[in-house]
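Each chain, letter by letter, is given below.
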Amino acid sequence: MRALTWQGRRDVRVETVSDPPLKESTDVLVRVTSTGICGSDLHLYEIMGPYLDPGDILGHEAMGIVEEVGDDVAQVAVGDRVVVPFNISCGRCYMCGQGLHSQCETTQVKERGMGAALFGYTKLYGQVPGGQAELLRVPFGDTLPVRVPHGPPDERFVYLSDVLPTAWQAVEYADVPPGGTLTVLGLGPIGEMACRIALHRGARLVVGVDLVPERLQRAASRGVKTFDLRTQGKDLIEAVRGLTDGRGTDAVIDAVGMEAHGAPVAKAAHWLVGMLPDAVAERLMEHAGVDRLSALYTAIELVRRGGTVSVSGVYGGSADPMPMLRMFDKQIQLRMGQANVRRWVDDILPLLGDDDPLGVEGFATHTMPLEEAPRAYRMFQAKEDGMIKTVLKP
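Residues numbered from 1 in each chain as written. Predicted model: local features only at pLDDT ≥ 70, side-chain atom pairs only at ≥ 80, totals over all residues. Heavy atoms only, no water.

Time to look at the overall build of the protein chain. A count of helices and strands for the protein chain gives 13 helices and 15 strands. The C-alpha atoms of the protein chain give 20 Å as radius of gyration, which agrees with the globular expectation for 394 residues (21 Å, within 12%). Looking at the 394 residues of the protein chain, the share that counts as buried comes to 56%. Taking all contacts inside the protein chain whose residues are at least 6 apart in sequence as the whole, residues at least 24 apart take part in 73%. (Helix = DSSP H or I, 4+ residues; strand = E, 2+ residues; numbered from the N terminus. Rg over C-alpha atoms; globule rule 2.2 N^0.38 Å. Buried < 20%, exposed > 50% of the residue type's maximum accessible area, 1.4 Å probe, protein only. Contact = heavy atoms within 4.5 Å.)

Structure, rendered in structure tokens:
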């Protein structure tokens, strides 16, 4: 089959690799029809090289048609159309029973002290081959894949793999009160979808912050009050407070994470660590790593006293300095974590009908063949051509 493989920093290639076999009697094999490129994939492209090996297959946002099923699979059949959640959860352990599928005890990467395994995402999360490929082996065939109807285009459903549940959880964790206010930092796919979900769920005011004109324009067209970080700069805090009786918004979602704009020293450190031998780089990242924290610090300042900061952007540092005095004094609640995809599917599926209130059809700015994935990564990393969300077609 053809698959996108990691070969080094900023070096991904589509190559011919072996088809994945069924390893367990509960596995299913999915022929991928659509697969997304996620902002988290850029962390692999730029920063997380020490945890990858040349030839690793990337991608964790996939859907397609079931082509083969193991002997013990009863709930999914050949020919079914399915979406594959990005975290690999059994659906039966204690953590899955608590709705914490990203902490699944069956697939936790215990040798690394990490949570549930992920498709296409480094040794830290199991080094499981990903979905930017023609075929994908999916464990737990009876409980993990999400069956969706045939007929509507893939774009109606593909975002159930990651974008929709991640944005939904970000809003859920933000705990915006009815008629309340929310700021979203970062208007990439997750941030923009979080804005749409918050407005759909009744937020009175949603403020979106970014520095890419196309992202700001898209969010504004959906009723978001936008601020351009390039021009607003240090005045952003006061501008948001000016919309909220001087308090700040009830909640803030940090949809940016470790690659925040405006932290040149940390950016340089990330680059240097990525150039070190893997064993050395791993030790530094796991014991002395510091993220670019500009977005998180801004969220702490923007939120009103007694409000909530919800973090959906990925962080990877182990020694990040946090303004604990400020957080304690403002009585801030802080919630975060990988999305528990299966936990939110039943809430989201009713919104994917023909009325399409979240605008999932048309959400992708680019659709490209899998063979052009290396170019798509370069464009996404450089924010070229208004690229916000790309769907690849194997």
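For the structure shown, the criterion picks out three aromatic pairs. With 5.4 Å between their ring centres and 50 degrees between their planes, Tyr45 and Tyr377 make a pair best called tilted. Of this pair, Tyr45 sits in helix H1 (residues 39-46) while Tyr377 sits in helix H13 (residues 373-382), placing them 332 residues apart in sequence. Overall, Tyr377 belongs to the buried group, its relative accessible area being 0%. Geometrically, the ring pair formed by Tyr159 and Phe363 is edge-to-face, given 5.3 Å between the ring centres and 80 degrees between the ring planes. Linking Tyr159 in the loop between strand S7 (146-147) and helix H3 (163-174) with Phe363 in the loop between helix H12 (341-348) and strand S14 (366-369), this pair joins segments that are 204 residues apart in sequence. The class for Tyr159 is buried, based on a relative accessible area of 2%. (Phe/Tyr/Trp six-rings, centres within 6.5 Å; stacked < 30°, edge-to-face > 60°.)

Let's shift gears to the pairing of strand S12 (residues 303-311). Bridging between strand S11 (residues 249-254) and S12 involves five bridges; their strand directions are parallel. Among the inter-strand pairings, Thr249 is bridged to a residue of S12, identified as Val303. Here S12 pairs with strand S13 (residues 333-336) via four bridges, running parallel. Considered in S13, the bridge of Val311 is made with Met336. (Pairing = 2+ DSSP bridges.)

Another aspect to go through is the pattern of salt bridges. Side-chain pairs of opposite charge can arise whenever the charged atoms involved come near each other. One pass over the structure, following the stated rule, counts 26 salt bridges. Arg13 is paired through a salt bridge with Asp11; the nearest N and O atoms lie 2.7 Å apart. Overall, the relative accessible area of 39% leaves Arg13 in the partly exposed class. We classify Asp11 as partly exposed; its relative accessible area is 22%. (Salt bridge = Lys/Arg side-chain N within 4 Å of Asp/Glu carboxyl O.)

For the pair H3 and helix H4 (residues 189-200), interaxial distance at closest approach is 8 Å and the crossing angle is 60 degrees. Classified by the interaxial angle, the pair formed by H3 and H4 is oblique. In this structure, H3 crosses over H4, and the sense of that crossing is right-handed. Residues Val163, Leu164, Thr166, Ala167, Trp168 and Val171 of H3 lie in contact with H4, whose contacting residues are Pro189, Ile190, Met193, Ala194, Ile197 and Ala198. (Axes fitted to C-alpha atoms, helices over the stretch in contact; angles between N-to-C directions. Parallel < 35°, antiparallel > 145°, perpendicular 65-115°, else oblique. Left-handed = near helix turned anticlockwise from the far one by under 90°.)

As a further point, take helix H10 (residues 294-302). Buried residues of H10: Ala295, Leu296, Ala299, Ile300 and Leu302, and no others. One side of H10 carries all its buried residues, which in axial view fall inside an arc of 165 degrees. Against strand S8 (181-185), helix H7 (236-242), S11, S12 and helix H11 (324-330) lie the buried residues of H10. (Arc of directions from axis to C-beta.)

In this section: empty space enclosed by the protein. Tallied over the entire structure, the rule returns one cavity of 30 Å³ or more. Space inside the largest cavity adds up to approximately 50 Å³. Along its surface, the largest cavity is lined by Thr166, Gln169, Ala170, Tyr173, Ser310, Val311, Ser312, Met336, Gly337 and Ala339. Looking at the lining of the largest cavity, the elements that each hand over two or more residues are H3 and S12. Among the elements that take part in the lining of the largest cavity, H3 stands out by supplying four residues, more than any other. The residue makeup of the lining of the largest cavity, split by class, is five nonpolar, five polar and no charged. (1 Å grid on protein atoms, 1.4 Å probe; cavity = no way out; pocket = protein on both sides within 12 Å on 5 of 7 lines; lining within 4 Å. Points joined across faces, edges and corners; volume = space filled by probe spheres on them. Nonpolar A, V, L, I, M, F, W, Y, C, P; charged D, E, K, R; others polar.)

Looking now at the nonpolar core. Membership of the largest hydrophobic core comes to 72 residues, with the highest contact counts inside it found for Leu58, Tyr159, Leu164, Val184, Met193, Ile253 and Tyr377. No other element matches the seven residues that H3 contributes to this core. Here Tyr159 is in contact with Leu164, Pro165, Val360, Phe363, Ala364, Lys389 and Val391, once residues within four sequence places are set aside. (Core = buried A, V, L, I, M, F, W, Y, C linked by side-chain atoms within 4.5 Å.)

This brings us to the side chain of Thr107. Topologically, Thr107 is positioned in the loop between helix H2 (94-97) and strand S6 (135-138). Polar contacts involving the side chain of Thr107 include one to the main-chain carbonyl oxygen of Ile88, which spans 2.6 Å. Aside from chain neighbours lying at most four places away, what touches Thr107 is Ile88, Gly115, Ala116, Ala117 and Phe140. (Polar contact = N/O pair within 3.5 Å; in protein donor to acceptor, adjacent residues only side chain to side chain.)

Let us now look at the pairing of S6. Going residue by residue along S6, you find Leu135 and Arg137 tucked away on one face and Leu136 and Val138 tucked away on the opposite face as well. Note that strand S3 (residues 28-37) and S6 share four bridges and pair antiparallel. Bridge pairing links Arg31 to Leu135 in S6.

Attention now goes to the state of the cysteines. Taken as a whole, this structure holds zero disulfides when the rule is applied. Here Cys90 stays free of any disulfide, with the sulfur of Cys104 as its closest cysteine sulfur at 3.7 Å. Given the relative accessible area of 6%, Cys90 is considered buried. Overall, Cys104 belongs to the buried group, its relative accessible area being 0%. (Disulfide = S-S within 2.5 Å.)

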